[in-house]
Amino acid sequence: MEKAWLFFNWVSRSRGFNHDRFTYTTMLDIFGEAKRISSMKYVFELMQEKGINIDAVTYTSVMHWLSNAGDVDGAVNIWEEMKLKECYPTVVSYTAYMKILFLNDRVEEATDVYKEMIQSGLPPNCYTYTVLMEYLVRAGKYEEALEIFSKMQEAGVQPDKAACNILIEKCCKAGETRTIILILCYMKENRLALRYPVFKEALQTFKVANENDSLLWQVHPQFSPEFISDNDAVEFVTTDIEGPLSIDQGLVLILLKKKNLAAIDCLLSGIMDKNIHLDSAVISTIIEVNCDHRRPDGALLAFEYSVKMDLNLERTAYLALIGILIKLNTFPKVAEIVEEMTKAGHSLGVYLGALLIHRLGSARRPVPAAKIFSLLPEDQKCTATYTALIGVYFSAGSADKALKIYKTMCRKGIHPSLGTFNVLLAGLEKLGRVSDAEIYRKEKKSIQADAHSKDTVPMEEKICDLLYGGDGVL
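Residues numbered from 1 in each chain as written. Predicted model: local features only at pLDDT ≥ 70, side-chain atom pairs only at ≥ 80, totals over all residues. Heavy atoms only, no water.

(A) Geometry of the overall build of the protein. Helix and strand counts for the protein come out as 27 helices and zero strands. In terms of principal-axis extent, the alpha carbons of the protein reach across some 80 × 60 × 55 Å. In the protein, which comprises 474 residues, the share counted as buried stands at 47%. When contacts within the protein are restricted to residue pairs at least 6 apart in sequence, those whose partners lie at least 24 apart make up 63%. Accessible surface, the protein as shown: approximately 24,400 Å² in total, 52% of it carbon and sulfur. (Helix = DSSP H or I, 4+ residues; strand = E, 2+ residues; numbered from the N terminus. Buried < 20%, exposed > 50% of the residue type's maximum accessible area, 1.4 Å probe, protein only. Contact = heavy atoms within 4.5 Å. Areas by Shrake-Rupley, 256 points an atom, 1.4 Å probe, with all protein chains shown as cover.)

What follows is the structure, given as C-alpha cells:
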C-alpha cells in the first residue's frame, strides 16, 4: 500500500502524465481495502480539488468502503452527494447501496431504492436479485425468496454459482432444508456446484434435520463419502482451482488422497525445475497436509515453489508452516515466510504477531523478531507487539535496546499497559538494572491507579495484559 502511494505521487510528477478518475479510484480502493479510511477520504477530496470527473464507480467504491468500516451514515451521505451532483447511479451502485441498507436493517429504505432503480429503467442483474434473496432468507421469508428465485429466471436472469452458494449457506445457518432442496434441484439441472465448505455445511444441516441427503450427493458426484472426513483438504482444493485440472495437478491430488507425500516431493521438485505452473490452492493444500503429518521439509519445498512461481497462498497455509517450524524450534525461515505472507496480502494480526515475536525472543532470535515486527501493518504496531519486541531484547541480554524500543513506543503515542511494565520490570531485574526497575515500578503504580478510572481498555492493551499479565513471561 505504501509503495502504491509513493508510486502514485512519483508518477504524478512525470512530465506529460495526469492522473484521471481511473487511477484515483484505484488508489482510493487500495486505501479502502487496507481500512485506511482517512487516507481514502483524502484521495477522494483530492479528486474534487483537482476537478477530476467523479463517476458512479468512484462514488460506489467510497460508499462501499465507508460501510465496510462501519460508517453507515457516511455511506448514506455519499449516496446523497452522488445524486445531488447529478451523477446517475448504475445498477451496481443501486445494488451496493441496497446491500448496505439491508445489512443494517434499514429495510424500508432499501425497498424504496429498489423501486427507484426499476422506475429509472435499470433492470436488476443477478447480484441485485441475490442481495434481495439474501435479505429475505436472513429474515426467515423463504417463500418470498423462492418466488424471486423463480421470477428472475422468467425475466431471463439465471441464478449463478455465487448466488446459489450464498443462499444455501444462509439457509444452512437457519436449518431451512426445503429451500436448500429446491435450489439444489436448480443446480442439478444447470450443472452448478457448491464450494466445498458450503457443501459440508449443507451435509451437516441435512444430518441434523434427519433429512435425506441423496440430492446433495447427486449434484456433487466429484465428492466421495469415503473420503469426506479423511480428505477434507484435498476435496476442498478441487473446487477452488480456477479452470480445468492439468495432468500435473490431477496427479498431485491423487497422491494427496493416497497420502503419498514422498512422491509429491519428487514430483514437485521436477515441476519446479521445469517452471510448470500449479494452482496456488494445490500448493496451499500440500503445505497444510505436510504440516499435519509433521513433514516440515515437504512443506518448505512447496513454499519454495510458491516463491519461485510468485504464487499467493492461503493464509492458513502460511500459518500452518510457521506453526510447525516454531514447534520444532526451526527458526531461520520464519521471517521469510511472514514476509511472503505479507506480500500475499495477509497479516498475522495483533495476537499472533505478538505471540510469534515473543517465541522468537524466547529462542534468542532478535533479528528475525525485529524483522517480523517491521513487517506488521502500522495499525498492528501497538502496545502488545511493541511489548513483545521489548521482551525480545531483554531475552537477548540487551536492556539498552529494550528501553530504546519502549521510549520509541511512548514517543509514537502508544500507551504502555500493565503487561508492558511486567516485561520491563522482569527484564531489568534479571539483568541487574535495579535502579531502572524502581523508576518503572513507580510508573506502573501510576498506570494501575489510572486503570481504575478507565471505562474501557483498548483491545491491544487487553491482548498485552493477557500475554504478559503475570511476571512478564508468557
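Picking up where we left off.
(B) Structural detail: unusual backbone geometry. Backbone geometry places Lys 35, a non-glycine residue, at a positive phi of 65°. With respect to the helices and strands, the residue Lys 35 is situated in the loop between α2 (21-33) and α3 (37-49). For Asn 210, which is not glycine, the phi torsion reads 55° and is therefore positive. Residue placement: Asn 210 occurs in the loop between α12 (196-208) and α13 (214-219).

(C) Focus on the packing of helix α17 (residues 280-292) against helix α18 (residues 296-308). Viewed as axis vectors pointing N to C, α17 and α18 meet at an angle of 160°, and their least axial separation amounts to 8 Å. Our classification of the angle between α17 and α18 gives roughly antiparallel. Crossing geometry of α17 relative to α18 is assigned as left-handed. Across from Ile 283, Ile 286, Ile 287, Asn 290 and Cys 291 in α17, the residues of α18 making contact are Gly 298, Ala 299, Ala 302, Phe 303, Tyr 305 and Ser 306. Looking at side-chain class alone, the contact of α17 with α18 contains eight nonpolar, three polar and no charged residues. (Axes fitted to C-alpha atoms, helices over the stretch in contact; angles between N-to-C directions. Parallel < 35°, antiparallel > 145°, perpendicular 65-115°, else oblique. Left-handed = near helix turned anticlockwise from the far one by under 90°. Nonpolar A, V, L, I, M, F, W, Y, C, P; charged D, E, K, R; others polar.)

(D) The arrangement of a nonpolar patch on the surface in detail. Taken together, Tyr 351, Leu 352 and Leu 466 make up a surface patch of nonpolar side chains, about 290 Å² in accessible area. Of note, Leu 352 is situated in helix α21 (residues 350-362). Take Leu 352: its relative accessible area is 33%, and that puts it in the partly exposed class. (Patch = residues over 30% accessible without salt bridge, like charges linked within 9 Å, V, L, I, M, F, W, Y side chains within 5 Å. Salt bridge = Lys/Arg side-chain N within 4 Å of Asp/Glu carboxyl O.)

(E) Geometry of the environment of Glu 201. Following the sequence through the fold, Glu 201 ends up in helix α12. Classification of Glu 201 as partly exposed rests on a relative accessible area of 24%. Aside from chain neighbours lying at most four places away, what touches Glu 201 is Glu 169, Cys 172 and Lys 173.

(F) Quick look at the layout of surface pockets. Within this model, the largest pocket holds a volume of roughly 970 Å³. The wall of the largest pocket is formed by 22 residues, among which Met 1, Glu 2, Ala 34, Thr 342 and Pro 377 lie closest to the centre. Per-element accounting of the lining of the largest pocket gives the leading share, three residues, to helix α20 (residues 334-343). Taken together, the residues of the lining of the largest pocket break down into six nonpolar, six polar and ten charged. (1 Å grid on protein atoms, 1.4 Å probe; cavity = no way out; pocket = protein on both sides within 12 Å on 5 of 7 lines; lining within 4 Å. Points joined across faces, edges and corners; volume = space filled by probe spheres on them.)

(G) Representation of the pattern of salt bridges. Taken as a whole and judged by the stated rule, the model has 20 salt bridges. Across the pair Arg 295 and Asp 265 runs a salt bridge, and its minimum N-O distance is 2.5 Å. Residue Arg 295 is located in the loop between α17 and α18, and its partner Asp 265 is located in helix α16 (residues 261-273); the two are separated by 30 residues in the primary sequence. Take Asp 265: its relative accessible area is 16%, and that puts it in the buried class. One network of salt bridges, in which partners are shared, links Asp 73, Arg 106 and Glu 109.

(H) Inspection of the environment of Pro 123 at higher detail. As for its position among the elements, Pro 123 is in the loop between α7 (107-119) and α8 (126-138). Of the residues examined, Pro 123 reaches a relative accessible area of 58% and is grouped as exposed. When neighbours within four sequence positions are excluded, Pro 123 is seen to be in contact with Val 91 and Met 117.

(I) Geometry of the confidence of the model for the protein. Counting all residues, the mean pLDDT for the protein is 86, and 91% of those residues have values of 70 or more. The least confident element of the protein, judged by mean pLDDT, is helix α14 (residues 232-240) at 49; the most confident is helix α11 (residues 177-189) at 94. (pLDDT = per-residue confidence, 0-100.)

(J) Fine view of the side chain of Thr 128. Note on placement: Thr 128 falls in helix α8. Overall, the relative accessible area of 0% leaves Thr 128 in the buried class. Those residues in contact with Thr 128 that lie beyond four places of it in its chain are Val 91, Thr 95, Met 98, Tyr 114 and Met 117.

(K) Summary view of α2. In this model α2 runs 18 Å from its N-terminal to its C-terminal C-alpha over 13 residues, within 8% of the 18 Å that 1.5 Å per residue would give. Buried within α2 are the following residues: Tyr 24, Thr 25, Met 27, Leu 28, Phe 31 and Gly 32. Relative to the axis of α2, the buried residues are bounded by an arc of 160° and lie together on one face. Opposite the buried face of α2, by more than 90 degrees, sit the exposed residues Phe 22 and Glu 33. A distance of 3.0 Å separates the backbone nitrogen of Phe 22 from a side-chain oxygen at the start of α2, and that oxygen is part of Asp 20. Count one or two residues on from α2 and you reach Lys 35, which has phi positive near 65°. (Expected span 1.5 Å × (residues − 1). Arc of directions from axis to C-beta. Polar contact = N/O pair within 3.5 Å; in protein donor to acceptor, adjacent residues only side chain to side chain.)

(L) Representation of the packing of aromatic side chains. By the definition in use, this model includes 15 aromatic pairs. Consider the rings of Tyr 196 and Phe 199, whose centres lie 6.1 Å apart with planes at 25°: the pair is stacked. Highlighted residues: Tyr 196 and Phe 199, both in helix α12, separated by three residues, approximately one helical turn. Phe 199 carries the same exposure label as Tyr 196, and that label is buried. By way of ring pairs, the aromatic residues Trp 5, Phe 8, Tyr 24, Phe 31 and Tyr 42 are connected into one cluster. (Phe/Tyr/Trp six-rings, centres within 6.5 Å; stacked < 30°, edge-to-face > 60°.)

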